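# Examination of the molecular architecture
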Amino acid sequence: MNRPFPIRDVTEGAARILVPDVPRHRGPGKAGPWPFYNPTMAVNRDISAIVLARWPRPIRSALDGLAATGAWGIRMALEAHVTGLTFNDRSSMAADLVRENLRRNRVDAPVVVGDLATHLSSASYEFVDIDPFGPPSPFLAAAFGSDKSAYGLGITATDTAVLSGTYPDACERRYDARPFRCPQGPEIGLRILLGYCARLAVERGSTIRPVLSFAAEHFLRIFLRVRKGRKSPPLGHVVRRRPGEFVPVASSAADAIGPLWTGPMHDPAIVRSLVASSWSLPSTARLLATLQAEADLPAYFVSTDELAAEARGSPPRVERFLDGLRSEGYRAARTHFHPRGIRTDAPYDDLLRVFLDRMPTGSRDGSTPAS
Ligand SMILES: C[S@@+](CC[C@H](N)C(=O)[O-])C[C@H]1O[C@@H](n2cnc3c(N)ncnc32)[C@H](O)[C@@H]1O
């Protein structure tokens with residue numbers, strides 16, 4: 001086949017795919033002239049295959065909505081045994097490459113060339129994956145317009161800096177929500193994205209139930225179950241009171257962050273059932289284990305950096321802090337959001353006391369942080 005770009009063969013998961021052989025930088029991808037493939041997103045596709053393999057009901061029709069090389073959908077067919085796949089991309093060059101990759105992997109599926117939102121206005125699937133350059137917002141109204149009574153969505157956002165608080169005005173324009181720049185910014189960003197989806201669903205007579213939500217590399221990712229039915233979603237605003245402590249406030253309050261999804265970000269039973277496969281990267285297996293440990297702990301983590309800055313001293317090792325909390329009967333685990341972040345059900349004052357207690361001897365300047 002004559003192609004206007006050089007090609008290379010890549011093995012990712014169970015798939016062997018051809019991708020354009022062009023230089024790539026780390027971080028979020030930008031639209032370019034050739035079909036897009038980002039190796040750093042393998043962790044995203046790994047987790048998708050793991051989650052779809054344990055989806056609560058068999059998926060009989062699925063759309064790889066922004067397919068590029070077809071890597072996502074081909075892996076879902078081979079690793080999660082998803083059937084009834086369709087691939088869509090508005091680039092005919094991408095569609096040609098998807099067809100070739102389907103043949104190479106012996107996956108039989110139609111490839112549609114066109115705009116995703118337009119396609120979703122006339123076709124419905126039991127699962128739709130949306131993995132855009134930047135924000136998913138242009139596709140979400142169409143994604144929640146499905147006429148199915150129940151379906152699933154996988155949504156990636158690579159406008160992480162917008163959702164996590166670096167560009168608050170852009171976040172208000174895109175998601176109609178106020179973010180907050182702080183170590184918990186990515187968790188707040190996920191709650192903004194979930195809240196935005198919940199509001200779109202309600203407008204269309206549906207409700208959402210998050211299955212798994214996480215941040216990795218340069219992206220945020222959510223998996224949702226959507227059902228027809230009217231039920232008020234758990235939405236609200238918060239303000240930051242102390243490091244890692246966010247308290248509910250009215251939307252009119254000064255510095256209110258939100259609206260945020262205030263309910264669980266995961267379905268703990270499904271998350272507990274997930275197992276890394278022999279195709280998963282070691283980093284994916286580690287991410288999954290951390291997600292499983294924190295999935296049913298309360299909202300908002302705290303980092304030892306923040307607590308140490310408040311106490312004007314050196315932080316204890318994270319494991320020592322966790323042991324201290326557990327020895328008092330509290331649940332506590334690392335969070336995947338931050339290398340020195342922990343999530344616990346300990347009340348804030350107890351958390352602080354255990355932290356101060358476990359700080360290295362002589363590392364404090366003698367002052368006591370406000371409690
Ligand atoms: C980030 S890439 C998708 C990567 C792919 N999901 C993967 O796992 O490798 C985004 C793709 O969306 C396509 N695209 C952008 N806007 C679109 C639209 N409005 N409708 C359909 N496809 C679109 C681009 O051509 C590009 O191939």
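A brief report on the enclosed structure follows. (Residues numbered from 1 in each chain as written. Predicted model: local features only at pLDDT ≥ 70, side-chain atom pairs only at ≥ 80, totals over all residues. Heavy atoms only, no water.)

### Some points on the site of the ligand
Among the 17 residues in the neighbourhood of the ligand, the closest are listed as Arg45, Asp89, Asp115, Leu116 and Asp131. Separating an oxygen atom of the ligand from a side-chain N or O atom of Arg45 is a distance of 2.7 Å. Contact between the ligand and Arg90: a nitrogen atom at 3.1 Å from a main-chain N or O atom of the residue. Judged by its atoms lying within 2 Å of the grid points, the ligand is housed in the largest pocket. Along the lines of polarity and charge, the residues of the shell around the ligand split into nine nonpolar, three polar and five charged. (Near = heavy atom within 4 Å. Polar contact = N/O pair within 3.5 Å; in protein donor to acceptor, adjacent residues only side chain to side chain. 1 Å grid on protein atoms, 1.4 Å probe; cavity = no way out; pocket = protein on both sides within 12 Å on 5 of 7 lines; lining within 4 Å. Sits in = over half its atoms within 2 Å of the grid points. Nonpolar A, V, L, I, M, F, W, Y, C, P; charged D, E, K, R; others polar.)

### Considering the sheet that holds strand β9 (residues 219-228)
Read across the sheet, seven strands follow the order β5-β4-β3-β6-β7-β9-β8 without closing on themselves; strand pairing throughout is mixed. Each end of this open sheet is capped by a strand with a single partner; those strands are β5 (111-113) and β8 (206-216). Taking the axes of each pair of neighbouring strands and ignoring which way they run, one obtains an average angle of 20 degrees across the sheet. Sheet analysis places strand β3 (residues 62-64) next to strand β4 (residues 85-89), joined by three bridges and oriented parallel. Pairing of Ala62 across the sheet is with Leu85, part of β4. Against the sheet, helix α2 (residues 71-79) touches β3, β4, β6 (127-130) and β9, its axis set at about 170 degrees to β4. (Pairing = 2+ DSSP bridges. Helix = DSSP H or I, 4+ residues; strand = E, 2+ residues; numbered from the N terminus. Axes fitted to C-alpha atoms, helices over the stretch in contact; angles between N-to-C directions. Contact = heavy atoms within 4.5 Å.)

### Concerning unusual backbone geometry
Cis peptide bonds are those with omega within 30 degrees of zero, and the linkage from Gly258 to Pro259 qualifies with 5 degrees. Structurally, the position occupied by Pro259 is in strand β12 (residues 257-261). Backbone geometry at Ala68 places phi at a positive 55 degrees, although glycine is not the residue there. Residue position: Ala68 is located in the loop between β3 and α2. Its relative accessible area of 14% is what places Ala68 among the buried residues. One non-glycine residue, Asp176, adopts positive backbone phi at about 55 degrees. (Buried < 20%, exposed > 50% of the residue type's maximum accessible area, 1.4 Å probe, protein only.)

Taken by themselves, the reported measurements are silent on function.
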